[in-house]
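Overview (structure and organization)
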Amino acid sequence: MGIEDNNMRNGRGLSDQWADSMVVRPRTTERSITVHKKLVLGFAISILTLIVVTAIAVLLSVRFEECAGESSSRGGNGSNAKFNGSRDGNGNHKDEEAQPWRHLRLPTSLRPRHYDLRLSVYMDNFTFSGEVNIEFECVNSTKFIVLHTDRLEVEKVAVYSDNKKPGVMRIHRQFHYPGNQVYVIALHRELKPMRTYKVNITFDAQIESELLGFFRSSYMLQGERRYMAVTQFSPTHARKAFPCFDEPIYKATFRVSLGHDASYLSLSNMPVEASISDDDGWVTNHFSRTPRMSTYYLAWAVCNFTYREVTTDSGVVIRLYARPNAIQSGAGDYALHITKRLLQFYEDYFKVKYSLPKLDLLAVPKHPYAAMENWGLSVFVEQKILLDPEVSSFSYQMELTMVVVHEICHQWFGDLVTPVWWEDVWLKEGFAHFFEYVGTDFLFPKWNMVRSLLCFKDSERLQYLGAALIRMLANVMGQQVFQRGLNVSHLSAMQKEGKDINIKEVMDCWTLQMGYPVVTISKNYSLDHSVTITQEHFVYDRDAKFRDPDLFNRSLQWQIPLTLAVGNSTYKSSEVILWISNKTETHKVGRMDDDMWLLGNINQTGYFRVNYDLHNWRLLIGQLMTNAEIISVGNRAGLIDDVFNLARAGYLPQNVPLQIICYLPQEREFLPWHAASRSLYQLDKLLDRTEDYSLFSDFVLKQVASKYHKMGWPLALTEGSIIQASYQTEELQREVIMLACSFGNKHCHRQAVSLISDWISSNKNRIPPNVRDIVYCTGVSLMDEDVWEFIWMKFHSTTAISEKKVLLEALTCIICNITLFSDLVPDQDVIDVIIHVGRNPHGRHLAWRYFREKWDILNSRYGEALFMTSKLISGVTEFLNTETELNELKEFIQISGGGAGPALARAVEIVEANVRWHSLYERQIFQWLRKSPNG
């Protein structure tokens, strides 16, 4: 979904032959995946078995139909009991039948087959009326029809039998049960198993301003405000637009009809089958029947947009819809053309054709996510799909590219292979994130994106975890075997380095356990030249393992494919792979003199951190200082990422990461600099309000100074020119300039002020796009209020989406009235404004206070969009680091009633860790900085 959600693509020659399989993971009651029938052999088995990286264990071929049928014959205690187990603990059908609307999950008695959905959309008053006919099959005898509805006003309900004696069935009573967002229809007589029925419901509802369900958005065109409406149903918001079985397991086909004023056009997952116009200016579009799919992939939109289109060699029509001025300027052309190339790439890679006759890309002004991969109608927020090459930075282009690559990948991993419940959503997100790099590397090989894939560990974001495990498995297997495994029948075992490897067994320990390990490699300085290798659960709060042994189980173990090499100033051995499965192991690794270093996790292909004995760290630091290029770029970046995080967690003294970055003036590659800047900014946020902060900032500037002066600034733009260096050069130059300006390099500050002044005086923006965000923020921070007013004016006048985003961020670089600010910027930007103010050390307390004072308003506005709420909570609290702020956070949680509980609980953990770090390590850092010759 949105880069945070799922994609669905439908097929050509669509028929009712689409079938679903259900694969159950043994560790829970409902770990299953529903797949397109064409993929069951060639796709699902290989992923669910070979790529067990997803932790979907291999109990194939339990079809949903069979589960339901068996439970009917077994009185609800068969496989259907397993399907329903997490709802009531035992899945007993009789218990479920008593008051089925009280259960969190829908009862399993009924299964939808097809929806006929007819909507009339009134854009003049933002309402819509609808009628839905749902054809469903009865699996277990029941008198209740329980459907999801939320904020719908139900007008009429009728239930029909489709069997030998068709007719209207008597309704005993009907009511809405808001606690579980369901509408209950109680019948006089039971529905019988193995029979089909229909329910007809008419309803009315609002087109909401909240960015979920069927919602409205607006934009300016030639000074006039225009409106459009679009859907966002993932994860549980289809129920806001029509009564339905709104759980992903309940797949069905859909036939949608949309009526609206003829001045608008309408889109849905499938092409328009027929369009009927009335004399009174009303048009109704009837869309083709969809394949079987989950409700959260259904989509439609009503708008005044225009489009451009391309057609693939196989005849798939791709259209990009956006505001007319964006289409006219060509802002959508880039995304349109890379989408065409990506469809062909994925078809070739997966050996599975894109299955719909069309794919629409819709650029909307507001959306809760970066994008949503609805089948045949992918929706993107404008900032993630529209690009103006004259003002967009390379970073913006790269981010946009990866969003599009991610969403198109979901046409296969997400739309054809669909998680049946939300606990497995990381499966499809993991694959899509992995292919962000693979697909981008296909489009632009010179960017060398695969090399930068997952050098950094982030177990908090599930898509990164999934992608990391997929990459680790692909590396162990070899890329060719991995790719072949995606489109052959199965491969659940292999042999590597003479060892038989059970892939499922290996990957289960990664997916069924929380977190990831740290592997410590210690040289035994004795005649046998052996090494001792230990593994343990990596946590930032090591004491927590002893305070809460149940949460941090010290018996956690992984099967780790550890690649290892040895070297010295002139030599580096080829890598060997050691399979580490015990807490402690001893191995011999060949020639290893006392002056030779060990290097683990070659090219950072494994999802674990690597620590060494202190002497080995000194040898590695010495190697980096004298001849860094003997160690690969990926490992140089990985060493930096690992050493800072190991020190933060207390595995290493605090001076070791500071010592390692003293080699940076000789570093010529972007990736190690990027790893260093990520780590330094994290450390900066912990130290930026301390009395001795200047010791740290001066140290950083000393490491940056020579590279900054050597690389200089990109050339200013001249009339009609767009000057671009190579990707690596541009990104390295940008990274160094950002570090220099952020930590106070005076030359960097003067250059930024000069560029801003030239723009104001000439009214011509000659600032190179790739450093505009740095220049704008620096200028706003250092110059007077007139500059802020100038940037504010430009924010309102520009039509370039990428430029508007950069200008908005710049406005937060000086402390302002957040309340006024949040009232004047678009709704979807308010969260980013608050977060950016909070990143400023002088604005942190303002953002934190505003967050608490306005929580009720913010939570009511964004609360159901859990991703946005979590983003806000994390962004405002992650850099709080005093006892006072920790107590304020805990008090706020008590007073607010604990809404958004998981995100707030995580915030408490982070702030506690920040406070603990200050008490344990702040003094160590400043003591070393005072003594260091590089300080």
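In the block above lies the structure referred to throughout.
For the structure given in this document, a descriptive report is provided here. (Residues numbered from 1 in each chain as written. Predicted model: local features only at pLDDT ≥ 70, side-chain atom pairs only at ≥ 80, totals over all residues. Heavy atoms only, no water.)

Turning our eyes to something else, we now look at the nonpolar core. Inside soluble globular proteins, nonpolar side chains tend to come together where they are buried. Grouped together as the largest cluster of nonpolar side chains are 267 residues, with contacts concentrated most on Phe242 and Trp510. Apart from residues no more than four positions distant in its own chain, Phe242 is found in contact with Tyr115, Leu117, Val132, His148, Leu152, Phe203, Phe233, Phe254, Leu298 and Trp300. One finds Phe215, Tyr219, Met228 and Cys303 within the second-largest nonpolar core, a separate group that totals 16 residues. (Core = buried A, V, L, I, M, F, W, Y, C linked by side-chain atoms within 4.5 Å. Buried < 20%, exposed > 50% of the residue type's maximum accessible area, 1.4 Å probe, protein only. Contact = heavy atoms within 4.5 Å.)

Once that is clear, we can look at the packing of helix H28 (residues 883–896) against helix H29 (residues 901–931). For the pair H28 and H29, interaxial distance at closest approach is 9 Å and the crossing angle is 165°. What the angle tells us is that H28 and H29 run roughly antiparallel. H28 and H29 meet at a crossing whose hand is left-handed. For the pair formed by H28 and H29, the contact residues are Glu883, Leu886, Leu889, Lys890, Phe892 and Ile893 on the first element and Leu904, Ala907, Val908, Val911, Glu912 and Val915 on the second. Classifying every residue of the contact of H28 with H29 by side-chain character gives nine nonpolar, no polar and three charged. (Axes fitted to C-alpha atoms, helices over the stretch in contact; angles between N-to-C directions. Helix = DSSP H or I, 4+ residues; strand = E, 2+ residues; numbered from the N terminus. Parallel < 35°, antiparallel > 145°, perpendicular 65-115°, else oblique. Left-handed = near helix turned anticlockwise from the far one by under 90°. Nonpolar A, V, L, I, M, F, W, Y, C, P; charged D, E, K, R; others polar.)

Let's shift gears to the sheet that holds strand S17 (residues 306–311). Spatially, five strands are ordered S17-S18-S19-S21-S20 in an open sheet, and the strand pairing comes out mixed. Each having just a single partner strand, S17 and strand S20 (371–372) make up the two edges of the open sheet. Sheet analysis places strand S19 (residues 358–364) next to strand S21 (residues 377–381), joined by five bridges and oriented parallel. Paired with Val364 across the two strands is Val381, which belongs to S21. (Pairing = 2+ DSSP bridges.)

A cis amide bond, omega 0°, links Ser234 with the succeeding residue Pro235. Here Pro235 lies in the loop between strand S11 (224–232) and strand S12 (253–261). Positive phi, close to 55°, is recorded for Gln181, a residue that is not glycine. Checked against the element boundaries, Gln181 lands in the loop between strand S7 (171–177) and strand S8 (182–191). Assessed through its relative accessible area of 21%, Gln181 is described here as partly exposed. A positive phi angle is found at Asn763, which is not glycine, with a value near 60°. Here Asn763 lies in the loop between helix H19 (746–762) and helix H20 (772–782).

This paragraph deals with the state of the cysteines. Overall, the coordinates contain two disulfides when judged by the stated rule. Each disulfide pairs two cysteine sulfurs, and for Cys777 the partner residue is Cys813, the sulfurs being separated by 2.0 Å. One quick way to see it: the torsion about the S-S bond of Cys777 and Cys813 is about -110°, and its sign makes the bridge left-handed. Of the two residues, Cys777 is situated in helix H20 and Cys813 in the loop between helix H22 (801–811) and helix H23 (818–824); the sequence distance between them amounts to 36 residues. Residue Cys813 is classed as buried on the basis of its relative accessible area of 14%. With its disulfide-bonded cysteines labelled consecutively along the sequence, the chain is connected as 1-2, 3-4. (Disulfide = S-S within 2.5 Å.)

Let us now look at the pairing of strand S14 (residues 272–277). Sheet analysis places S14 next to strand S15 (residues 282–287), joined by five bridges and oriented antiparallel. Counterpart to Ile276 in the pairing with S15 is Thr284. Linkage of S14 to S15, two consecutive antiparallel strands, is achieved through a turn of four residues, within which Gly281 is found at a positive phi near 80°.

Before going further, it helps to spend a moment on the sheet that holds S15. Taken together, the eight strands give an open sheet; going across it, the order is S6-S5-S9-S3-S2-S12-S15-S14, and neighbouring strands pair in mixed fashion. One side of each edge strand has no neighbouring strand; the edge strands of this open sheet are strand S6 (167–169) and S14. Across the sheet, the axes of successive neighbouring strands diverge by a mean angle of 20°, strand direction being ignored. Examined bridge by bridge, strand S5 (residues 153–161) and S6 share three bridges and lie antiparallel to one another. The residue bridging Ser161 from the neighbouring strand is Gly167, located in S6.

Where helix H25 (residues 844–853) meets H28, the closest approach of the two axes is 11 Å, and the angle between their N-to-C directions is 10°. Comparing the axis directions of H25 and H28 gives the class roughly parallel. Crossing angle aside, the handedness with which H25 passes H28 is left-handed. Two secondary-structure elements touch here, H25 through Trp848, Phe851 and Arg852 and H28 through Glu885, Glu888, Leu889 and Phe892. For the contact of H25 with H28, the class distribution of residues is four nonpolar, no polar and three charged.

On to the pairing of strand S27 (residues 560–568), then. In terms of burial, S27 is largely enclosed, as nine of its nine residues are buried. As paired strands, S27 and strand S29 (residues 576–580) are joined by five bridges and run antiparallel to one another. The residue bridging Thr563 from the neighbouring strand is Ile577, located in S29. As defined by bridge partners, S27 adjoins strand S28 (residues 571–572) across two bridges and the pair is classed as antiparallel. The residue bridging Gly567 from the neighbouring strand is Lys572, located in S28. The hairpin turn running from S27 into S28, its antiparallel successor, is two residues long.

Here Lys702 shows up in helix H17 (residues 693–711). Lys702 sits 40 residues away from Cys662 along the chain, and the two C-alpha atoms are 8.9 Å apart.

Before going further, it helps to examine H29. For H29, spanning 31 residues, the distance from its first C-alpha to its last is 45 Å, which sits close to the expected 45 Å at 1.5 Å a residue. The largest bend in H29 amounts to roughly 50° and is located at Tyr921. (Expected span 1.5 Å × (residues − 1). Bend = angle between axes of the 7 residues up to and from the residue.)

Moving on, we get to the packing of aromatic side chains. This structure, assessed with the given rule, holds 52 aromatic pairs. When the ring of Trp759 is compared with that of Phe790, the centres are 4.8 Å apart and the planes differ by 85°; the resulting orientation is edge-to-face. Placement of the pair is Trp759 in helix H19 and Phe790 in helix H21 (residues 785–797), with a sequence separation of 31 residues. Here the two residues Trp759 and Phe790 agree in accessibility, since each one is buried. Centre to centre, the rings of Trp848 and Phe851 are 5.9 Å apart; their planes meet at 20°, and the pair counts as stacked. Remark: Phe851 and Trp848 occur in helix H25; sequence separation between them is three residues, near one turn of the helix. For the pair shown, Trp848 and Phe851 are each scored as buried. Pairwise contacts between aromatic rings join Phe345, Tyr346, Tyr349, Phe350, Tyr354, Trp412, Phe434, Phe435 and Phe442 into one cluster. A cation sits over an aromatic face here: Arg216 above Phe126, 4.4 Å from the ring centre. For the cation-ring pair, Lys685 lies above Phe879, with the distance from its terminal atom to the ring centre recorded as 5.9 Å. (Phe/Tyr/Trp six-rings, centres within 6.5 Å; stacked < 30°, edge-to-face > 60°. Lys NZ or Arg CZ within 6 Å of the ring centre and 35° of its normal.)

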